[in-house]
2 protein chains.
Amino acid sequence: MEESLGFIGLGVMGQAMALHLVKSHPVTVYNRTRERCQPLLQAGAQLADTPAEVASRSRCIFLMLKDDAAVSEVVEGSSGVFEAICPGTIVVDHSTISPASTRRLAHAAKIRNVQWLDAPVTGGDIGAREATLTIMVGGEAAAFEEVQPYLKEMGRRIVYVGAVGQGQTLKLVANLVSGINLMAASEGVRLGLKLGLSWDTMDEVMSHGTSQSYELSKIVDRMRRDNFVPGFSVENRYKDLKLALELARQVGFNADLTERAEELYREHWQAGYGQSDEASYVKRWDESE
Amino acid sequence: MEESLGFIGLGVMGQAMALHLVKSHPVTVYNRTRERCQPLLQAGAQLADTPAEVASRSRCIFLMLKDDAAVSEVVEGSSGVFEAICPGTIVVDHSTISPASTRRLAHAAKIRNVQWLDAPVTGGDIGAREATLTIMVGGEAAAFEEVQPYLKEMGRRIVYVGAVGQGQTLKLVANLVSGINLMAASEGVRLGLKLGLSWDTMDEVMSHGTSQSYELSKIVDRMRRDNFVPGFSVENRYKDLKLALELARQVGFNADLTERAEELYREHWQAGYGQSDEASYVKRWDESE
């Protein structure tokens, strides 16, 4: 069978990203929920029954999974990638997971003479669809050079960050910032509505002045349409805030504002919004209105 | 003497804004610290010894002052604007003060048959110099129409918000958002440095992805140059966070993240940074490094 690229994890982001690769390469895909493979198969991808089967057919395997546990299961679990992976293969992990898990997996890969690159992305579902993602990559430079052409098919800005794990570190730091920006935009917009300001004036002023942020635009747009289909789910946003806070604690850094943000966002998650888009935080004040 | 525009308050913002007006109009200026009038006088403005003298010569008076107390002093104090203002004059207050003070002053103006417009700005010192400010205006629509040509000389985006006080309300909401964005950017960037990320990769990734914000760019730029000449001072930033919180409390709105941000920013102010640029918050972690 022809050697192909492998792609495991076809959620909102993974599906959009894999669709770019399948345009120019043979791609073998796997997803736990098999229906999510359908758009890829229609676009010409091959289906695998297990992560191991993906590994057996691929010299470069892309992962876009939910969290540390999901990556571990797919890679180290039963019928996982490591069961069938060939020496010389490169694993490119687009998931956002902890730098510690990344380093552990990279070490386990190295024993098999496999290269592990952590390559988390930013730019959201829109960036994934439009291939305008920023991809930040940690790992050995030679492996990075080898996969860079594929990354350029999925993203616009490909940044080599350094040692394995540093891509994840940068991603978590960036998500700490975007997470708090999202919460600030939500709090501001809801307060403004309560004080009698209109969407129109808030949007016109706040999207162009010093309060401007990517997250503010997202909040305003999704709230106006009352559409909180993820996108990036509350569960994932909360996971990343928690990971950033763990990183800070590990190095004894006082992340005071992040501490509070994590508590507040956890409340939102616990209120049943886990599967809604992260921007649903703006609905937090609905009941008190 | 020829009737002119009046401009009172020549701090960083006011000076830059008044310099645009003096290009096309006779302008009478007043500032408590007289040396700050110098650039305006060189550009052709007339000096007044008191706010009352400005009022006696002007049919439209622009204010750009520090806080509620400063506006009250200049307008209602001894030798203040109200001592010499003529019926039909329009006062345009570019200061950021509380909506409550604004409504009180607008009422006192109305008794004198004077129109009060609250017209706070956003866009920072750069926006003031480049005449790209966003100006949000509350007050009577007819008075707004009358002064709009002047506002267009100082700003790019002139937004009529509604009743008097609503310009201030929108400004405080916008500043709540930008204030928290600034703190999030600071916390993220400092954590990133501690975790071994470089300025270059953080800037490249965070300025273009979902973590992007106006404040992040400002932080990165000022911190790299280690230049915290205000700009927008810590004292002013703190004042606005406090005012936003007061607004929230007045209407029973739970501004939980803002509550924490206000506490943390107050600590920074109390640590002696009051006269530094707001972006100096990023130095908060210096001593613990």
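Residues numbered from 1 in each chain as written. Chains lettered and ligands numbered in written order. Predicted model: local features only at pLDDT ≥ 70, side-chain atom pairs only at ≥ 80, totals over all residues. Heavy atoms only, no water.

Chain A goes by 6-phosphogluconate dehydrogenase in an unreviewed UniProt entry, where it is assigned to Sulfobacillus acidophilus. Comment text from UniProt for chain A, heading Sequence similarities (unreviewed entry), reads "Belongs to the HIBADH-related family." (UniProt positions renumbered as here; feature names shortened; annotations may be inferred.)

### Brief notes about the domain arrangement of chain A
Think of interface size as the accessible area that goes away when the parts come together; that is how it is often given. All names here are of chain A. Domains assigned within chain A are domain 1 (5-163) and domain 2 (169-284). Placing a centre on the C-alpha atoms of domain 1 and another on those of domain 2 gives a separation of 27 Å. Opposite the 15 residues of domain 1 that make contact, domain 2 presents 14 residues. Here domain 1 and domain 2 share an interface that buries about 1200 Å² over both sides, 59% of which is from carbon and sulfur atoms. On the domain 1 side of the contact with domain 2, Lys66, Thr96 and Pro99 bury the most area, a combined 38% of that side's loss. (Domains from an automatic or database assignment. Contact = heavy atoms within 4.5 Å. Buried area = accessible area lost by both parts, 1.4 Å probe.)

### With respect to the side chain of Asn175 of chain A
By the element assignment, Asn175 of chain A lies in helix 9 (residues 166-194). Setting aside residues no more than four positions away along its own chain, Asn175 of chain A makes contact with Phe232, Arg237 and Asp240 of chain A together with Thr210 of chain B. (Helix = DSSP H or I, 4+ residues; strand = E, 2+ residues; numbered from the N terminus.)

### Side note on the UniProt feature "domain: 3-hydroxyisobutyrate dehydrogenase-like NAD-binding" (unreviewed entry) in chain A
Under the local residue numbering, the UniProt record ascribes the feature "domain: 3-hydroxyisobutyrate dehydrogenase-like NAD-binding" (unreviewed entry) to residues 165-283 of chain A. The straight-line gap between the two end C-alpha atoms of residues 165-283 of chain A is 35 Å; of that span, 71% is helix and 0% is strand.

### Here's the deal with the packing of helix 1 (residues 12-21) of chain B against helix 8 (residues 141-154) of chain B
Any two packed helices are characterised by the angle at which their axes cross and by the distance between the axes. All names here are of chain B. Helix 8 packs onto helix 1 with a crossing angle of 115 degrees between their chain directions and a minimal axis gap of 8 Å. You can see that helix 1 and helix 8 cross each other, and the crossing is right-handed. Side by side, helix 1 and helix 8 meet where Met17, His20 and Leu21 of the first sit next to Tyr150, Glu153 and Met154 of the second. Class assignment of the residues belonging to the contact of helix 1 with helix 8 gives a composition of 4 nonpolar, 1 polar and 1 charged. (Axes fitted to C-alpha atoms, helices over the stretch in contact; angles between N-to-C directions. Left-handed = near helix turned anticlockwise from the far one by under 90°. Nonpolar A, V, L, I, M, F, W, Y, C, P; charged D, E, K, R; others polar.)

### Description of the interface of chain B and chain A
Contacts between the two partners involve 61 residues from chain B, matched on the other side by 61 residues from chain A. Taken together, the two surfaces of chain B and chain A that pack against each other cover about 5300 Å², and 70% of this comes from carbon and sulfur. Summed over the three residues of chain B that lose the most area to chain A, namely Thr210, Phe253 and Leu257 of chain B, the buried surface amounts to 14% of that side. Here Asp256 of chain B ties to Arg284 of chain A by a salt bridge, and the two come within 2.5 Å at their closest N and O atoms. Taken together, the connections running from chain B to chain A amount to 17 residue pairs in polar contact (both at pLDDT 80 or more). Where the side of chain B that touches chain A is concerned, the elements lending two or more residues are strand 8 (133-138), strand 9 (155-162), helix 9 (166-194), helix 10 (199-206), helix 11 (214-225), helix 12 (234-250) and helix 13 (256-273) of chain B. The greatest single-element share of the side of chain B that touches chain A, amounting to 20 residues, is contributed by helix 9 of chain B. A class-by-class count of the residues in the side of chain B that touches chain A yields 30 nonpolar, 22 polar and 9 charged. (Salt bridge = Lys/Arg side-chain N within 4 Å of Asp/Glu carboxyl O. Polar contact = N/O pair within 3.5 Å; in protein donor to acceptor, adjacent residues only side chain to side chain.)

### Regarding the side chain of Ser280 of chain B
All names here are of chain B. Relative to the helices and strands, Ser280 is located in the segment after helix 13. When its relative accessible area of 1% is taken as the criterion, Ser280 is described as buried. Apart from the residues within four sequence positions on either side, Ser280 is in contact with Phe228, Val234, His268 and Tyr273. (Buried < 20%, exposed > 50% of the residue type's maximum accessible area, 1.4 Å probe, protein only.)

### With respect to the nonpolar core
Among the nonpolar cores identified, the biggest contains 89 residues, and Met206 of chain A together with Met206 of chain B are the most heavily contacted of them. If sequence neighbours within four positions are ignored, Met206 of chain B has contacts with Leu170, Val173, Ala174 and Val177 of chain A together with Ser211, Gln212 and Leu216 of chain B. (Core = buried A, V, L, I, M, F, W, Y, C linked by side-chain atoms within 4.5 Å.)

### Some details on the pattern of salt bridges
Should their charged atoms come close, side chains of opposite charge can pair. Residue and element names in this part refer to chain B. Per the stated rule, a full pass over the model turns up 46 salt bridges over all chains. The closest approach of N and O atoms between Arg104 and Glu76, which form a salt bridge, is 2.9 Å. Of the two residues, Arg104 sits in helix 6 (residues 99-111) while Glu76 sits in helix 4 (residues 68-76), which places them 28 residues apart along the sequence.

### Side note on the relation of the copies chain B and chain A
Mapping chain B onto chain A leaves a residual RMSD of 0.0 Å; the transformation is a rotation of 180 degrees accompanied by 0.0 Å of translation along its axis. The relationship between the two copies is best expressed as a two-fold rotation axis. No C-alpha of chain B approaches the rotation axis more nearly than that of Ser213 of chain B, which lies at 2.0 Å. Of all interface residues in chain B, 100% are interface residues in chain A too; the two copies therefore contact each other through one and the same surface. (Least-squares fit on C-alpha atoms with pLDDT ≥ 70 in both.)

### Considerations on the pairing of strand 1 (residues 4-8) of chain B
If a strand is regular, its side chains alternate between the two faces of the sheet. Residue and element names in this part refer to chain B. The element strand 1 is largely enclosed, with a buried count of 5 among its 5 residues. Bridge count for strand 1 against strand 2 (residues 27-30) is 4 bridges, and the pairing is parallel. Paired with Phe7 across the bridge in strand 2 is Val29. The β-α-β motif built from strand 1, the intervening helix 1 and the parallel element strand 2 has right-handed crossover chirality. (Pairing = 2+ DSSP bridges. Right-handed = clockwise from strand over helix to strand, strands pointing away.)

### Re the UniProt feature "active site" (unreviewed entry) in chain A
All names here are of chain A. Those residues carrying the UniProt feature "active site" (unreviewed entry) are Lys171 in this numbering. Mapped onto the fold, Lys171 is located in helix 9. Residue Lys171 is classed as buried on the basis of its relative accessible area of 6%. Those residues within four positions of Lys171 in sequence are excluded, and the remaining contacts are Thr96, Pro120, Val121 and Met136. A distance of 2.7 Å separates a polar atom in the side chain of Lys171 from a polar atom in the side chain of Thr96.

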